[in-house]
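# Survey of secondary and tertiary structure
Below, each chain spelled out in residue letters.
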Amino acid sequence: MSSALTDLFPHPIVQAPMAGGVSVPQLAAAVSEAGGLGFLAAGYKTADGMYQEIKQLRGLTSRPFGVNLFMPQPEYAESGAVEVYAHQLAGEAAWYETELGDPDSGRDDGYDAKLAVLLDNPVAVVSFHFGVPSRDVLDSLRRAGTFTLVTATTAEEALAVERAGADAVIAQGVEAGGHQGTHRDIPENDGSGIGLLSLIAQIREAVSIPVVAAGGVMRGSQIAAVLAAGASAAQLGTAFLATPESGANARHKQALTNPLFARTELTRAFSGRPARGLVNRFLREHGPYAPAAYPEIHHLTSPLRKAAAKAGDAQGMALWAGQGHRMARELPAGELVEVLVGELDAARTALSAKGDLR
């Protein structure tokens, strides 16, 4: 692993930045204090909201942590498809006694303002999702002393990350919960994602920068597997979703291991971009008809998701989760890091013992 990254956290465990109120300062602090790398998710927050969370996190830990940014999205031309989907969701709005959101509520997620804050108040690590920042942005962050990571879902995307000058790439396998970090949203590619172990191998052959592996990792033995495959660290999201420090809704946490929610699917139902979540009523009924329109659909469905959460109705919520969700453990985040490290060490010892027998 690149020493610039290794020196930041002793254990090869990164807590994935989960937007929507999950990756709160308490969670990031607990992970960083335990020797992993905690992360804040700046997505869907204002620049000031992000800054306030950074200040709060700095009051909870002196250890390094990261902040994740969403890249601005290109203009979406087919407004008619969004209008048709809004008409389809009229019954949901009536059921939850709320209005649909304004699909034209913004496309850049306050990107420039957030970058300005992070350049004025540097953090240890900044990661990017949904695309590749410009070389100027990455160089500016490097001069500020910030290590940069960018998500890739293919070897070709990883090459673009390396060429732009990022310090490392996050290899996101199709198993991952939440939004796929594809650089371009191409509907024809829906369902063609690459599994994590295959993706790590392809990216390691394509680029020379370090790789952080993300997607369905829930146990220390899986961390050992991705490290053996060539990754420098593992990024875990769903594993930390059920922790008491997580800001996830209680219904969301319970759903991870509830037999009623037996599987996950990639869907555009809630946001207009492929994202993996537990299959519930909303996903089944609306997923097949949701257009490729992010963030328009995200803005459109936001009041519905909030109303469902307020009503305690998991069937109307976006229950983001990776394929390993049934393995979630309700442990404090710091304790979970310790357990994962123990499992990782045990897996390494077992592999070493097998090697000695040959």
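Notes on the structure in this doc start here.

### A word on the overall build of the chain
Looking only at helices and strands, the chain has 15 helices and 11 strands in total. Judged by the C-alpha coordinates and their principal axes, the chain covers about 65 × 45 × 40 Å. Looking at the chain as a whole, 55% of its 358 residues are labelled buried. A total accessible area of about 14,800 Å² is found for the chain, and carbon and sulfur atoms account for 51% of it. Mean positive and mean negative side-chain charge positions of the chain (29 and 38 charges, respectively) differ by 5 Å.

### Quick look at the sheet that holds strand β9 (residues 233-236)
With respect to topology, 8 strands assemble into an open sheet ordered β1-β9-β8-β6-β5-β4-β3-β2, the strand pairing being parallel. Every interior strand has two partners, whereas the edge strands, β1 (13-15) and β2 (38-41), have only one. The sheet shows a mean angle of 25° between the axes of neighbouring strands, direction not considered. Across the sheet, helix α2 (residues 25-33) touches β1, β2 and β3 (65-70), and the angle it forms with β2 is around 160°. Packed on one face of the sheet, helix α7 (residues 135-143) meets β4 (125-129) and β5 (147-152) and runs near 160° to β4.

### Here we look at the pairing of strand β8 (residues 211-214)
Side chains V211 and A213 of β8 all project onto a buried face; the interleaved residues V212 and A214 project onto the opposite face, where all are buried too. Relative to β9, β8 is paired through 3 bridges, and the arrangement is parallel. Within β9, the position partnered with V212 by the bridge is A233. Handedness of the β-α-β unit built from β8, helix α10 (residues 220-228) and β9 comes out right-handed.

### Structural notes on the sheet that holds strand β11 (residues 275-278)
Pairing between the strands of a sheet comes from backbone hydrogen bonds, and it takes one of two forms, parallel or antiparallel. Taken together, the 3 strands give an open sheet; going across it, the order is β7-β11-β10, and neighbouring strands pair in antiparallel fashion. What marks the edges here is a single partner per strand, and that holds for β7 (178-179) and β10 (264-267).

### As for the pattern of salt bridges
When their charged atoms lie close together, side chains carrying opposite charge are able to pair. Counted under the stated rule, the structure contains 11 salt bridges. Here K114 makes a salt bridge to D109, at a shortest N to O gap of 3.0 Å. The exposure class of K114 is buried, given its relative accessible area of 1%. Counted as one network, the salt bridges with shared partners bring together E92, R281 and E285.

### Regarding the side chain of R329
Following the sequence through the fold, R329 ends up in the loop between α14 (296-310) and α15 (333-357). For R329, a relative accessible area of 18% puts it in the buried group. A polar contact of 2.6 Å, which involves the side chain of R329, links it to the side chain of E343. Filtering out sequence-adjacent residues up to four positions away, R329 remains in contact with M218, R219, A239, A242, L336, V339, L340 and E343.

### Some points on the packing of helix α4 (residues 79-88) against α14
Remark: α4 packs on α14, axes separated minimally by 11 Å, with the N-to-C direction vectors making an angle of 20°. Regarding the angle of α4 to α14, the classification is roughly parallel. The two elements α4 and α14 cross, and the hand of that crossing is right-handed. Each of V82, Y85 and A86 in α4 lies in contact with α14, whose residues at this interface are E296, I297, L300 and T301. Each residue belonging to the contact of α4 with α14 can be placed in one class, and the counts come to 5 nonpolar, 1 polar and 1 charged.

What counts, and where the lines are drawn
Residues numbered from 1 in each chain as written. Predicted model: local features only at pLDDT ≥ 70, side-chain atom pairs only at ≥ 80, totals over all residues. Heavy atoms only, no water. Helix = DSSP H or I, 4+ residues; strand = E, 2+ residues; numbered from the N terminus. Buried < 20%, exposed > 50% of the residue type's maximum accessible area, 1.4 Å probe, protein only. Areas by Shrake-Rupley, 256 points an atom, 1.4 Å probe, with all protein chains shown as cover. Lys, Arg positive; Asp, Glu negative; His and termini not counted. Charge placed at Lys NZ, Arg CZ, Asp CG, Glu CD. Pairing = 2+ DSSP bridges. Axes fitted to C-alpha atoms, helices over the stretch in contact; angles between N-to-C directions. Contact = heavy atoms within 4.5 Å. Right-handed = clockwise from strand over helix to strand, strands pointing away. Salt bridge = Lys/Arg side-chain N within 4 Å of Asp/Glu carboxyl O. Polar contact = N/O pair within 3.5 Å; in protein donor to acceptor, adjacent residues only side chain to side chain. Parallel < 35°, antiparallel > 145°, perpendicular 65-115°, else oblique. Left-handed = near helix turned anticlockwise from the far one by under 90°. Nonpolar A, V, L, I, M, F, W, Y, C, P; charged D, E, K, R; others polar.

Function cannot be inferred from these measures alone, as they are strictly geometric.
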